[in-house]
Amino acid sequence: QEQLVESGGGLVQAGGSLRLSCTASGLSFSFFHMGWFRQAPGKEREFVAAIPWSGGSADYADSVKGRFTISRDNAKNTVYLQMNSLKPEDTAVYYCAAAARAFPLTTRPKNYNYWGQGTQVTVSS
């Protein structure tokens, strides 16, 4: 059974850092692009970052460019999101997701096939 499990969320002060991890099981990890999304209370789920199956050039939302870095380790079936210079507006539940590599790297949630259950990130001011 395909499963994505996120970890690393928590409470941090503004300006601080967190590193999220997402480990996949039950699927061929290197066959999938990986993405991070987030959803704040009362808001729609939004794209944060995505990395192609090969670990090549990543894509970022404008709101996180220069602060967040996505990376992956295909040998460990894990994708990471390093978050620096965190702001209160980064507070949300963060989800990782997998999209089949047969298609181009995408920022659209509906194009992702598998989703984790999410990890809460709270940034205090």
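Provided above is the structure to which this section pertains.
Residues numbered from 1 in each chain as written. Predicted model: local features only at pLDDT ≥ 70, side-chain atom pairs only at ≥ 80, totals over all residues. Heavy atoms only, no water.

Q: How do you make sense of the pattern of salt bridges when you look at a structure like this?
A: Two side chains of opposite charge can pair, provided their charged atoms sit close to one another. A complete count under the given rule lists four salt bridges for this structure. The residue Asp90 makes a salt bridge to Arg38 at a minimum N-O spacing of 2.9 Å. Pair noted here: Asp90 is in the loop between strand E8 (78-83) and strand E9 (92-100) and Arg38 is in strand E4 (residues 32-39), with a separation of 52 residues, a long-range link. Arg38 shares its class with Asp90; the two are buried. Between Arg67 and Asp90 there is a salt bridge, with its nearest N and O atoms 2.7 Å apart. (Salt bridge = Lys/Arg side-chain N within 4 Å of Asp/Glu carboxyl O. Helix = DSSP H or I, 4+ residues; strand = E, 2+ residues; numbered from the N terminus. Buried < 20%, exposed > 50% of the residue type's maximum accessible area, 1.4 Å probe, protein only.)

Q: Which parts of the structure should I look at to understand the sheet that holds strand E7 (residues 68-73)?
A: With antiparallel pairing, four strands are arranged side by side in an open sheet as E1-E3-E8-E7. Each edge of the open sheet is held by one strand with a lone partner, namely strand E1 (3-7) and E7. Between one strand axis and the next, the sheet turns through 15° on average, direction left out of account. Note that E1 and strand E3 (residues 18-25) share five bridges and pair antiparallel. By the bridge assignment for E3, Leu4 is matched with Ala24. (Pairing = 2+ DSSP bridges. Axes fitted to C-alpha atoms, helices over the stretch in contact; angles between N-to-C directions.)

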